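These are the residues of each chain, in order.
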Amino acid sequence: RVNIVYKVLIIDDESIIVEGLMRVVPWHSYHCTVIGTAFDGKEGTLAIRKHCPDIVITDIRMPGIDGLSMISGIKSEFPNMQIMILTGFRDFAYAQEAIKLGVTRFLLKPSKLSEIDEALKAMTLNLSSRQKDAEPGAGEDTTQDTIEAASSFIVRHAIEYMEEHYAGKISLSE
């Protein structure tokens, strides 16, 4: 069996974040390689179309096109692309929009390496299970079913919580 390497694109207007992610994360242990970087949403869109990454790590607030607008404009072209948002903005509306766009993980800066680790494991698991589903003769993939069930459970409870507490102020941590 061929070893699959997932292509990662990092998009952030802070070069220290881009450099930090490239150097600190042990990409090989996730079967990933960073194939490119971009520093705003417009550059990010062009890089996504050029490199067709499996995983995108992006900020939200960037000059020109913000991360959510970039994702919204590109997601239909790359429906299986896994997206991690890494942002310093704690506005709950951003998280809501990210959920609507199908973002895999939403992390707040500064993030712990353990949070990035969990996110990368989840994204590569999603990619590998989709790949197994696409293989000829692939049977039912219970791993993907489990992930989807867990995701809908979390989303359902988040929506219930928001419906019960809509009149009050809801923070991202809640």
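This text goes with the structure placed above it.
Residues numbered from 1 in each chain as written. Predicted model: local features only at pLDDT ≥ 70, side-chain atom pairs only at ≥ 80, totals over all residues. Heavy atoms only, no water.

### Quick notes on the overall build of the protein
Now for step 1: Counting its regular elements, the protein contains six helices and five strands.
Now for step 2: When the helices and strands of the protein are placed in sequence order, the string is β-α-β-α-β-α-β-α-β-α-α.
Now for step 3: Going through the 174 residues of the protein one by one, you find that 37% of them count as buried.
Now for step 4: When contacts within the protein are restricted to residue pairs at least 6 apart in sequence, long-range pairs at least 24 apart make up 66% of them.
Now for step 5: Approximately 10,100 Å² of the protein is accessible, and the part contributed by carbon and sulfur atoms is 56%. (Helix = DSSP H or I, 4+ residues; strand = E, 2+ residues; numbered from the N terminus. Buried < 20%, exposed > 50% of the residue type's maximum accessible area, 1.4 Å probe, protein only. Contact = heavy atoms within 4.5 Å. Areas by Shrake-Rupley, 256 points an atom, 1.4 Å probe, with all protein chains shown as cover.)

### What about unusual backbone geometry?
Now for step 1: Along the chain, K109 connects to P110 via a cis peptide bond; the corresponding omega equals -10 degrees.
Now for step 2: Position of P110 among the secondary structure elements: in the loop between β5 (105-108) and α5 (113-134).
Now for step 3: Phi is positive for H31, close to 60 degrees, though the residue is something other than glycine.

### Some thoughts on the side chain of S129
Now for step 1: Relative to the helices and strands, S129 resides in helix α5.
Now for step 2: Of the polar contacts made by the side chain of S129, one reaches the backbone oxygen of N126; its length is 3.0 Å. (Polar contact = N/O pair within 3.5 Å; in protein donor to acceptor, adjacent residues only side chain to side chain.)

### Regarding helix α3 (residues 67-74)
The α-helix winds at 3.6 residues per turn, so residues separated by three or four positions along the chain end up facing the same way.
Now for step 1: Residues G67, L68, M70, I71 and I74 constitute the buried set of α3. For α3, the arc enclosing every buried residue in end-on projection is 160 degrees, short of the 170-degree limit, so these residues lie on one face.
Now for step 2: Elements in contact with the buried residues of α3: β1 (6-11), α2 (41-51), β3 (55-58), β4 (82-87) and α4 (92-100).
Now for step 3: At the N-terminal boundary of α3, the capping side chain belongs to D66, with an oxygen 3.0 Å from the backbone nitrogen of L68. (Arc of directions from axis to C-beta.)

### Some points on the pairing of β3
Now for step 1: Burial of the side chains of β3 extends over both faces: I55 and I57 are buried on one face and V56 and T58 on the other.
Now for step 2: When β1 meets β3, the two strands line up parallel, connected through four bridges. Across the sheet, I10 pairs through a bridge with I57, a residue of β3.
Now for step 3: Inspection of the sheet shows β3 paired to β4 by four bridges, in the parallel sense. If you follow I55 over to β4, its bridge partner there is Q82. (Pairing = 2+ DSSP bridges.)

### Thoughts on the pattern of salt bridges
Now for step 1: In this structure the tally under the stated criterion is seven salt bridges.
Now for step 2: For D59, the salt bridge goes to K109, with nearest N and O atoms at 3.2 Å. With D59 in the loop between β3 and α3 and K109 in the loop between β5 and α5, this residue pair connects regions lying 50 residues apart in the sequence. The pair formed by D59 and K109 is uniform in burial state, with each residue classed as buried.
Now for step 3: Across the salt bridge formed by K121 and D117, the nearest N and O atoms sit 3.3 Å from each other. Residue K121 and its partner D117 are both found in helix α5; the two are separated by four residues, about one turn of the helix.
Now for step 4: For K121, a relative accessible area of 48% translates into the label partly exposed.
Now for step 5: What emerges from the salt-bridge pattern is a single network uniting D12, E14, D59 and K109. (Salt bridge = Lys/Arg side-chain N within 4 Å of Asp/Glu carboxyl O.)

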